[in-house]
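# Examination of the molecular architecture
This is what each chain is made of:
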Amino acid sequence: MNFSNSYVKLSDIFYEKIRPAPVRAPQLLLWNTSLAKQLMIPNQLEQDQDALAQVFSGNRILHGSEPIALAYAGHQFGHFVPQLGDGRAHLLGEVLDQSGQKFDIQLKGSGPTKFARGGDGRCAVGPAVREFIMSEAMNALGIPTSRSLAVVTTGESVFRDSTLPGAVVTRVASSHIRIGTFQFFAARGDHESLKVLSDFTIERHFPELREEGPNKYIGLLDNVIERQIQLVAEWMRVGFIHGVMNTDNTALSGETIDYGPCAMMGNFDPQTVYSSIDTNGRYAFGNQPKIAHWNIARFAECLLPLIGADTDKAIKQVEPLISEFPDRFNQIYVEKLGKKLGLTSFQQEDQKLLFSLLNRLKERNMDYTTSFDLLTKSLMSEAAASQAKNEFGDSFELWQQRLSEQQENSQKIYDLMRQHNPVVIPRNHHVEAAIQECEQHGKVTLAESFLNVLRSPYEELATTSQYQDPPEDGDKDYQTFCGT
Ligand code: AMP
Ligand code: MG
């Protein structure tokens, strides 16, 4: 692999140079063949399972890689922690993919760093497999996300509430720059490093801003806002609950990162929370847009000193971008929901239809994915239409009426709806079953067959129906954990 290490070229306050801590008996558990191809992993390496296990556990460092752990801070559940950082992750370096796009290759669970704050630096098999499955599903759904190249078991135990098998997961992301990375320097009043970081981010993600002079930091904020809005609106489209939207888990690239306590909403309810530590529902499904707004405001605060020496003036420049966030989000969000309903353009009056439909889902405890799938199918099947009429009542009539005003042919509407309504999502009980098989038996049969289906989320394969069933108990007692 051809590593470059641009982050290492920044000053050493940005990171700690540290090698992964070797593990006893690494074995390859999951491997992402198509991602490996995209990243042009050399054939010789790919065909040698033992070599893959050595490399992607961190036991063997490839030529050209200079492992580092990144410094960052962050607001966790609204409370600022000035020093977090990669406590159990090592950035091996950056590689170019087939199309010339740059990606970070990072090991997670690869040993403690100076940012570990008492943690063991390790990761259990469960959370590693969860990250692999969820990120692969999100990617196939068309949602920006970090990806997983490999899960390697370590042959060692990790000690949590119980003793669990350990693993290292390889995360591939277009960068690991977080809002918390900016906060790390802002909190220290280190404006010089803030500027270096901002310019690095612009170079990496928004090179078109390069020539924009002093305005480029406003441009950076505007672009980061746009990506967060797109991202969270996409989460809302498919029922994804991130679960721990702390500023250190918000990537500037606009990719989903940190798959700790994430889950999929079954029955539609904006108040849905699965994370065991989110007792106040701060990160509930329906709160995600508000939290993204809050996080963006924290990011804007970091940029103020770069925008102008006169803080009041800088605030005045930033203020409109922050205050227009909710409207800007809403516009993108309703357009996406409109497409879930086959509307080629969303009109102000459609709010009523949307409200009526979502209300119906909530009042009747209807499954989000299944319901939109049924509406989609109702365009092509009499049986589905009559079932949908039953389930949606008056809202169905309203919707039909609206569609007829559109004068599009039903095939076109169907295609639009199909593209926005998955037939299958990584349902919590299936994710848990696949994880259990890996954890308890070291077997990946279930994980692989599930992944095969999740990789075609808008299409019914022969085995898709095995994974479409909503949870019997509506996931009412389901809980996720941070995976630490
Ligand atoms: P997370 O909840 O994964 O976003 O992690 C929050 C912070 O805790 C980050 O700084 C992590 O690097 C750190 N952390 C989480 N688990 C561990 C662990 N097992 N060992 C060391 N640091 C950890
Ligand atoms: Mg994190």
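Right above here is the structure, for reference.
Read on for an overview of the structure. Since we're looking at a predicted model, the values are computed, not measured.

## With respect to the overall build of the protein chain
- Scanning the protein chain from N- to C-terminus turns up 17 helices and 12 strands.
- Here the protein chain has a C-alpha radius of gyration of 23 Å; the compact-globule value for 484 residues is 23 Å, and the two agree.
- The C-alpha extent of the protein chain, read off along each of the three principal axes, is 65 × 60 × 40 Å.
- In the protein chain, buried positions account for 58% of the 484 residues.
- Long-range contacts, defined as pairs at least 24 residues apart, comprise 71% of the intrachain contacts of the protein chain with a sequence gap of at least 6.
- Summed over all atoms, the accessible surface of the protein chain reaches about 20,200 Å², with 48% contributed by carbon and sulfur.
- On the protein chain, the mean spot of the 46 positive side-chain charges and the mean spot of the 60 negative ones are 2 Å from each other.

## What about unusual backbone geometry?
- If you check the backbone angles, M40 has positive phi at about 55 degrees while not being a glycine.
- The topology assignment puts M40 in the loop between α1 (33-38) and α2 (43-46).
- Positive phi, normally seen in glycine, also occurs at Q407, with a value near 50 degrees.
- On the basis of relative accessible area, Q407 is assigned to the exposed category, the value being 73%.

## Quick notes on the packing of aromatic side chains
- Summed over all chains, the structure comprises 16 aromatic pairs.
- Here the aromatic rings of Y7 and F14 are separated by 6.0 Å at their centres, their planes lie at 85 degrees, and the arrangement is edge-to-face. Across the pair, exposure class does not vary: Y7 and F14 are buried alike.
- Considering the side-chain rings of Y7 and F200, the 5.4 Å spacing of their centres and the 90 degrees angle between planes classify their relative orientation as edge-to-face. Of this pair, Y7 sits in the segment before β1 (15-17) while F200 sits in helix α6 (residues 191-205); the two residues are 193 residues apart in sequence, bridging distant segments of the chain.
- Residue classification places Y7 among the buried residues on the basis of a relative accessible area of 4%.
- F200 sits in the buried class, given a relative accessible area of 11%.
- The ring centre of Y368 lies 4.9 Å from the NZ or CZ of K340, which sits over that ring.

Rules used throughout
- Residues numbered from 1 in each chain as written.
- Chains lettered and ligands numbered in written order.
- Predicted model: local features only at pLDDT ≥ 70, side-chain atom pairs only at ≥ 80, totals over all residues.
- Heavy atoms only, no water.
- Helix = DSSP H or I, 4+ residues; strand = E, 2+ residues; numbered from the N terminus.
- Rg over C-alpha atoms; globule rule 2.2 N^0.38 Å.
- Buried < 20%, exposed > 50% of the residue type's maximum accessible area, 1.4 Å probe, protein only.
- Contact = heavy atoms within 4.5 Å.
- Areas by Shrake-Rupley, 256 points an atom, 1.4 Å probe, with all protein chains shown as cover.
- Lys, Arg positive; Asp, Glu negative; His and termini not counted.
- Charge placed at Lys NZ, Arg CZ, Asp CG, Glu CD.
- Phe/Tyr/Trp six-rings, centres within 6.5 Å; stacked < 30°, edge-to-face > 60°.
- Lys NZ or Arg CZ within 6 Å of the ring centre and 35° of its normal.

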